[in-house]
Amino acid sequence: MSVDTLTIQTQQVAQSRITDLDVNNIEFGKIFSDHMLVSDYKDGAWQAPEILPYGNMSLSPATSAIHYGQAIFEGMKAYRSAEGEILLFRPYDNLKRLNLSAERMCMPEIPEDIFMQGLEQLLRLDAAWVPPTAGSALYIRPFMFATDDFIGVRPSSNYRFTIFSCPVGAYYGQPVKVAIEPNYVRSVEGGAGFAKAAGNYGAALLPAKKMQERGYHQLIWTDAKEHKYIEESGTMNVMFVIDDVLVTPAVSTTILDGITRKSVLQLARDLGYKVEERKVAVDEIVTAHRAGKLQEAFGTGTAATIAQIATIAYKDEEFELPPVESRTISNTIAQALDRIKTGQDPDIHNWVYKINL
Ligand SMILES: *Cc1c(COP(=O)(O)O)cnc(C)c1O
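Parameters and conventions
- Residues numbered from 1 in each chain as written.
- Predicted model: local features only at pLDDT ≥ 70, side-chain atom pairs only at ≥ 80, totals over all residues.
- Heavy atoms only, no water.
- Pairing = 2+ DSSP bridges.
- Helix = DSSP H or I, 4+ residues; strand = E, 2+ residues; numbered from the N terminus.
- Right-handed = clockwise from strand over helix to strand, strands pointing away.
- Phe/Tyr/Trp six-rings, centres within 6.5 Å; stacked < 30°, edge-to-face > 60°.
- Buried < 20%, exposed > 50% of the residue type's maximum accessible area, 1.4 Å probe, protein only.
- Lys NZ or Arg CZ within 6 Å of the ring centre and 35° of its normal.
- Domains from an automatic or database assignment.
- Buried area = accessible area lost by both parts, 1.4 Å probe.
- Salt bridge = Lys/Arg side-chain N within 4 Å of Asp/Glu carboxyl O.
- Near = heavy atom within 4 Å.
- Polar contact = N/O pair within 3.5 Å; in protein donor to acceptor, adjacent residues only side chain to side chain.
- Areas by Shrake-Rupley, 256 points an atom, 1.4 Å probe, with all protein chains shown as cover.
- Nonpolar A, V, L, I, M, F, W, Y, C, P; charged D, E, K, R; others polar.
- Axes fitted to C-alpha atoms, helices over the stretch in contact; angles between N-to-C directions.
- Parallel < 35°, antiparallel > 145°, perpendicular 65-115°, else oblique.
- Contact = heavy atoms within 4.5 Å.
- Core = buried A, V, L, I, M, F, W, Y, C linked by side-chain atoms within 4.5 Å.

Colleague: Is there a simple way to explain the pairing of strand 15 (residues 274-277) in this structure?
Modeller: Judged from the four bridges that link them, strand 14 (residues 245-248) and strand 15 form a sheet pairing that is parallel. Residue threonine 248 lies in a different strand from strand 15, and its bridge partner there is glutamate 277. For the handedness criterion, the β-α-β arrangement of strand 14, helix 5 (residues 259-270) and strand 15 is classed as right-handed.

Colleague: Would you mind going over the packing of aromatic side chains with me for this structure?
Modeller: We describe a pair of aromatic rings using the distance from one ring centre to the other and the angle between the two ring planes. Taken as a whole and assessed by the stated rule, the structure comprises 13 aromatic pairs. Ring centres 5.4 Å apart and planes at 85° place the aromatic pair phenylalanine 32 and phenylalanine 164 in the edge-to-face group. Placement of the pair is phenylalanine 32 in the loop between strand 1 (9-10) and strand 2 (35-42) and phenylalanine 164 in strand 9 (residues 159-168), with a sequence separation of 132 residues. Here phenylalanine 32 and phenylalanine 164 have matching classes, each one buried. Among the aromatic residues, ring-to-ring pairing joins Phe32, Tyr54, Phe143, Phe145 and Phe164 into one connected group. The ring of tyrosine 229 has lysine 279 sitting right over it, with the charged end atom 4.7 Å from the ring centre.

Colleague: How should the domain arrangement of the protein be read in this particular structure?
Modeller: Accessible area lost when the parts come together is the quantity often used to give the size of an interface. Assigned domains within the protein: domain 1 (9-169) and domain 2 (176-341). Centre-to-centre, using C-alpha coordinates, domain 1 lies 28 Å away from domain 2. Looking at the side of domain 1 facing domain 2, the largest losses of area belong to Phe73, Phe89 and Arg97, adding up to 35% of the total buried there. Where domain 1 packs against domain 2, one counts one salt bridge. Here lysine 262 and aspartate 93 are joined by a salt bridge, their closest N and O atoms 3.1 Å apart.

Colleague: Mind showing me how you'd approach the pattern of salt bridges here?
Modeller: Per the counting criterion, the structure on display carries 20 salt bridges. Linking glutamate 27 and lysine 30 is a salt bridge whose minimum nitrogen-to-oxygen distance equals 3.1 Å. On the basis of relative accessibility, which here comes to 56%, the residue lysine 30 falls in the exposed class. For lysine 225, the salt bridge identified is with glutamate 189, shortest N-O distance 3.8 Å. Of this pair, lysine 225 sits in the loop between strand 11 (218-222) and strand 12 (230-233) while glutamate 189 sits in the loop between strand 10 (176-180) and helix 4 (198-213), and the two are 36 residues apart along the sequence. You can call glutamate 189 exposed: its relative accessible area is 56%. A cluster of three or more residues bridged by salt bridges with shared partners is formed by Lys274, Glu276, Arg278 and Glu284.

Colleague: Would you take a moment to explain the site of the ligand for this structure?
Modeller: The immediate surroundings of the ligand are formed by 14 residues, with Lys196, Tyr201, Glu232, Thr260 and Thr302 found nearest. At a separation of 3.3 Å, a nitrogen atom of the ligand approaches a polar backbone atom of threonine 235. For the ligand, an oxygen atom lies 2.8 Å from a polar atom in the backbone of isoleucine 259. With the chains in place, 96% of the 390 Å² that the ligand exposes on its own is no longer accessible. Across the shell around the ligand, the residue classes tally to four nonpolar, six polar and four charged.

Colleague: For this particular structure, what's the right way to read the packing of helix 5 against helix 7 (residues 328-341)?
Modeller: Two numbers describe a pair of packed helices, the interaxial angle and the distance between the axes. Contact pair helix 5 / helix 7: the axes reach a minimum separation of 10 Å and the direction vectors enclose 110°. In terms of axis orientation, helix 5 runs roughly perpendicular to helix 7. Side by side, helix 5 and helix 7 meet where Thr260, Ser263, Val264, Leu267 and Ala268 of the first sit next to Ile333, Ala336, Leu337 and Ile340 of the second.

Colleague: Looking at this model, I keep getting lost on the nonpolar core. Mind explaining?
Modeller: In a soluble, globular protein the nonpolar side chains are often hidden away together inside. Core analysis: the biggest nonpolar cluster contains 73 residues, and Leu88, Phe115, Met144, Phe161 and Leu246 have the highest contact counts within it. Top element by residues in this core is strand 8 (residues 137-146). It accounts for eight residues. Both domains that meet at this core, namely domain 1 (9-169) and domain 2 (176-341), each give it at least three residues. Among residues more than four places away in sequence, those in contact with phenylalanine 161 are Leu37, Val38, Ser39, Trp46, Leu98, Ile110, Ile114, Phe115, Pro142, Phe143 and Met144. Counting residues in hydrophobic clusters, the runner-up holds 22 residues, among them Ile230, Val245, Val282 and Ile309.

Colleague: In this structure, what is going on with the pairing of strand 17 (residues 305-314)? I would like to understand it.
Modeller: Where a strand is regular, its side chains alternate between the two sheet faces. By the criterion of burial, strand 17 is predominantly enclosed, with 10 of the 10 residues buried. Strand direction decides the pairing type here: strand 10 and strand 17, joined by four bridges, are parallel. Bridge assignment links alanine 179 to a residue of strand 17, and that residue is alanine 313. Relative to strand 17, strand 16 (residues 294-301) runs antiparallel, the two being bridged by four bridges. Within strand 17, the residue paired with glycine 299 across the bridge is alanine 307. The turn linking strand 16 back onto strand 17 is made up of three residues. One ladder, built from four bridges, connects strand 17 with strand 18 (residues 317-320); its direction is antiparallel. Paired with threonine 311 across the two strands is glutamate 320, which belongs to strand 18.

Structure (structure tokens):
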């Protein structure tokens, strides 16, 4: 919680669209809250941010982000506690990562006051959009893109930073079938895989679509050199429980440093589980499965928190994992994380940021 240190010009909507929202039946990513924050970077400085009614932006066809891909984003959630408070989860980590992405993509850093005060004041205004129903949240999308209207290849001189949000319902995903990707890569050493850059997503769509055509929900990325080591699962980090040890690929320049990932690892350590962050070979997973030691596999990310994996396919084989009900470690941690995020459990790591309503 903090006091307002930045005055943000605010143009409020005449009439809220909140009446369009059915909190018991929220369609993902289609209804946006009333307001958005906008700040432009020009002449080497961020201009005073403004809060405006959510709406279209007008752009030149030559807008450089569209052509050369200087575009980065974040994804975070605000939860409503039983007391009606609005709680953000680790927003400073999102800011830090956004600025890491900005550096890699040759874009200016966002100052802390614009990001945090922007969030604070935007959420205060759109507080009614944080749904109270269990499992639901307000998904928040901060992003930045290059706005020069110039088609020469060079880092843009002008940028826009925006935050908007949309309510999301509980994630009732079925355990997914995933397949290990033998050809395509998401990321390579020296590349931008650690950045939350729009282009990383664009390039991952075709491999994911092809996997879906083969009957899998998602793919597991492997390293670009040998396709021997596991990297991530789709747009989530990936974890395994082998012989009661929680194992996950160590973060590197090719793996995105997920906030859910590091929160899950911290809680696992708090709960006394053994955790290993290291290279995880595809062969190790196969061998563990054959020996009956692969107990759990799941993806981690803000959207789903934990997405259970039911089946892993590799070459011509499919490996079925134990039923989700038996997965003590991931179920325990998912619940603990949810209780912290929604203010039901003490926040010993100072992860929760309360909006001053
Ligand atoms: C955003 C993202 C994640 C998950 O990060 P969280 O901070 O946990 O939401 C994992 N992998 C990739 C590639 C991502 O873009």
